[in-house]
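One-letter residues, chain by chain:
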Amino acid sequence: MNLTHTCLECLYKQIHNFLHTSADSHTFQTHTRDEILHRTKDLLHSLEQSLHNTTLTPPKAAITIYKNLSKALQNQDPYKHIKQQSIESAATILATLKDHKAYAETLSDCIKVAVLGNVIDYGSQSSFSFESSFDFGGLEFARFDIEAFEMRLCNAKNLLYIADNAGENLFDIVLLQFLKNHYPNLHITYLVRGAPIINDVTLADLAHPLCAEIYHLCDVRSSHIESPGFIYDDAPKEIKDSFDSADVIVAKGMGNYECLESIHKENLFLLFKVKCSVVAAHSGFELGKMVFLHNKGEVYA
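Below or above, wherever it landed, is the structure these notes cover. (Residues numbered from 1 in each chain as written. Predicted model: local features only at pLDDT ≥ 70, side-chain atom pairs only at ≥ 80, totals over all residues. Heavy atoms only, no water.)

## Things to note about the environment of Glu266
- Counting through the fold element by element, Glu266 comes out in the loop between α10 (254–260) and β6 (268–273).
- Taking the C-alpha atoms as reference points, Glu266 and Asn295, separated by 29 residues in sequence, lie 6.9 Å from one another.
- Excluding residues within four positions of it along the chain, Glu266 makes contact with Arg152, His294 and Lys296. (Helix = DSSP H or I, 4+ residues; strand = E, 2+ residues; numbered from the N terminus. Contact = heavy atoms within 4.5 Å.)

Set out below in structure tokens:
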């Protein structure tokens, strides 16, 4: 999915919101905040000049914008505190969800729990709160390709799970645990971002004690990709090999959709919430809906 003018506006809004509303915002000096926003505008203007002939995805464009933020703040992981809080809040919400009558009984249930975690996002148009965004019973899917997923799982020996945001990884565990229980010979590789960017999960984030279970279920690896989405061409050979050889691929989140929607594979499934107007228009799925898409290349909607 190509970068649009609306994506550039969204990137600016993300930086502005972080500088004014994060827990550390009170420590940012006014001139530092103004300098970051001015430099962000310059970078976005440069990107805007090439919009008509670019194949740049929004996650690829985000790398430059967030590197500028990190450099100006002299902090390689500005969202670290937010990510740690997200993990702790997610654990509390999951404990509450376990009281739901349909929680994690079937593969369908577990997919729904996993995508519910995708509302945790500090890098999209839509906002969320931990107090009001997790309604398991009210989930609405624009597409739910579970039959194709079950068919692929029947003969699968390995599954590549491309993760998204910190905190969301705890919701992933519900689905991963189901897969290991019902497909005990299935080898699962859990792929996280290669460097801190926005609130995307990294190996360092998984050091939190609440994340320990993931290591009992999966082979956890870094993608070595620094964008908030899996850009195949940026991956090292060993990661490309894992992607190419996987019997089943599950890619979580809108950033992964933006990077992978053009790759049509019988084994590729995209699981995300439609959080912005650009993705809604591009995909044909309604804003706010959940999507579990078998990305084999047919018309979506």
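## What about the pattern of salt bridges?
- Evaluation of the coordinates by the stated rule reveals 11 salt bridges.
- Of the charged contacts in the structure, one is a salt bridge between Arg193 and Asp164, with a shortest N-O distance of 3.4 Å. With Arg193 in the loop between β3 (187–192) and α8 (214–217) and Asp164 in the loop between β2 (158–162) and α7 (168–182), the pair connects residues that are 29 residues apart, well separated along the chain.
- The class of Asp164 is buried, set by a relative accessible area of 4%.
- A salt bridge links Lys252 to Glu168; the nearest nitrogen and oxygen atoms lie 2.7 Å apart. Note that Lys252 is positioned in strand β5 (residues 248–252) and Glu168 in helix α7, a separation of 84 residues in sequence. (Salt bridge = Lys/Arg side-chain N within 4 Å of Asp/Glu carboxyl O. Buried < 20%, exposed > 50% of the residue type's maximum accessible area, 1.4 Å probe, protein only.)

## Here's the deal with the packing of helix α2 (residues 30–49) against helix α3 (residues 58–73)
- The N-to-C vectors of α2 and α3 enclose an angle of 160°; their axes lie 10 Å apart at closest approach. The pairing of α2 with α3 is recorded here as roughly antiparallel in orientation. Where α2 crosses over α3, the two elements pack in a sense that is right-handed. Contacts between α2 and α3 involve Thr32, Ile36, Arg39, Thr40, Leu43, Leu44 and Leu47 from the former and Ala61, Thr64, Ile65, Asn68, Leu69, Ala72 and Leu73 from the latter.
- Taken together, the residues of the contact of α2 with α3 sort by class into nine nonpolar, four polar and one charged. (Axes fitted to C-alpha atoms, helices over the stretch in contact; angles between N-to-C directions. Parallel < 35°, antiparallel > 145°, perpendicular 65-115°, else oblique. Left-handed = near helix turned anticlockwise from the far one by under 90°. Nonpolar A, V, L, I, M, F, W, Y, C, P; charged D, E, K, R; others polar.)

## Let's talk about the side chain of Asp109
- Inspection of the secondary structure assignment puts Asp109 in helix α5 (residues 107–116).
- For the buried residue Asp109, which engages in no salt bridge, the nearest side chain bearing the opposite charge is Lys112, 5.2 Å off.
- Looking at Asp109, its side chain comes within polar contact range of the main-chain nitrogen of Glu105, at 3.1 Å. (Lys, Arg positive; Asp, Glu negative; His and termini not counted. Polar contact = N/O pair within 3.5 Å; in protein donor to acceptor, adjacent residues only side chain to side chain.)

## Details of the pairing of β6
- Of all six residues in β6, five are buried, a share of seventy percent or more.
- In terms of strand pairing, β5 meets β6 through four bridges, oriented parallel. Paired with Val250 across the strands is Phe269, a residue of β6.
- Where the polypeptide runs from β5 across α10 and back to β6, its parallel neighbour, the crossover connection is right-handed. (Pairing = 2+ DSSP bridges. Right-handed = clockwise from strand over helix to strand, strands pointing away.)

## What about α5?
- Extensive coverage of α5 is indicated by the burial of nine of its 10 residues.
- Where α5 is concerned, the buried positions are Leu107, Ser108, Asp109, Cys110, Ile111, Val113, Ala114, Val115 and Leu116.

## Regarding the pairing of strand β4 (residues 219–222)
- Alternating positions in β4 separate cleanly, Val220 and Ser222 being buried on one face and Asp219 and Arg221 remaining unburied on the opposite face.
- Strand direction decides the pairing type here: β3 and β4, joined by four bridges, are parallel. Its bridge partner lying in β4, Thr189 is registered against Asp219.

## So, the side chain of His294
- Following the sequence through the fold, His294 ends up in strand β7 (residues 290–294).
- A polar contact is formed between the side chain of His294 and the backbone oxygen of Glu266, at a distance of 2.6 Å.
- Look past the residues within four positions of His294 in its chain and what remains in contact with it is Asp145, Ala148, Lys265, Glu266, Asn267, Leu268 and Phe269.

## Here's the deal with the packing of aromatic side chains
- In total, this model carries 12 aromatic pairs according to the counting rule given.
- Geometrically, the ring pair formed by Phe149 and Phe292 is edge-to-face, given 5.2 Å between the ring centres and 85° between the ring planes. With Phe149 in helix α6 (residues 146–154) and Phe292 in strand β7, this pair connects stretches of sequence that are 143 residues apart. Across the pair, exposure class does not vary: Phe149 and Phe292 are buried alike.
- Through pairs of rings, three or more aromatic residues link up here, namely Phe141, Phe144, Phe149, Phe269 and Phe292. (Phe/Tyr/Trp six-rings, centres within 6.5 Å; stacked < 30°, edge-to-face > 60°.)

## Some thoughts on the sheet that holds β6
- Taken together, seven strands build an open sheet; the order of strands is β1-β7-β6-β5-β2-β3-β4 and the sheet is mixed. If you trace the sheet from one side to the other, it starts and ends with β1 (141–144) and β4, each paired once. Strand-to-strand twist across the sheet, computed as the mean angle between neighbouring axes with direction ignored, equals 20°.
- Alignment of β1 against β7, held across three bridges, turns out to be parallel. Following the sheet pairing, Arg143 is matched in β7 by Val291.

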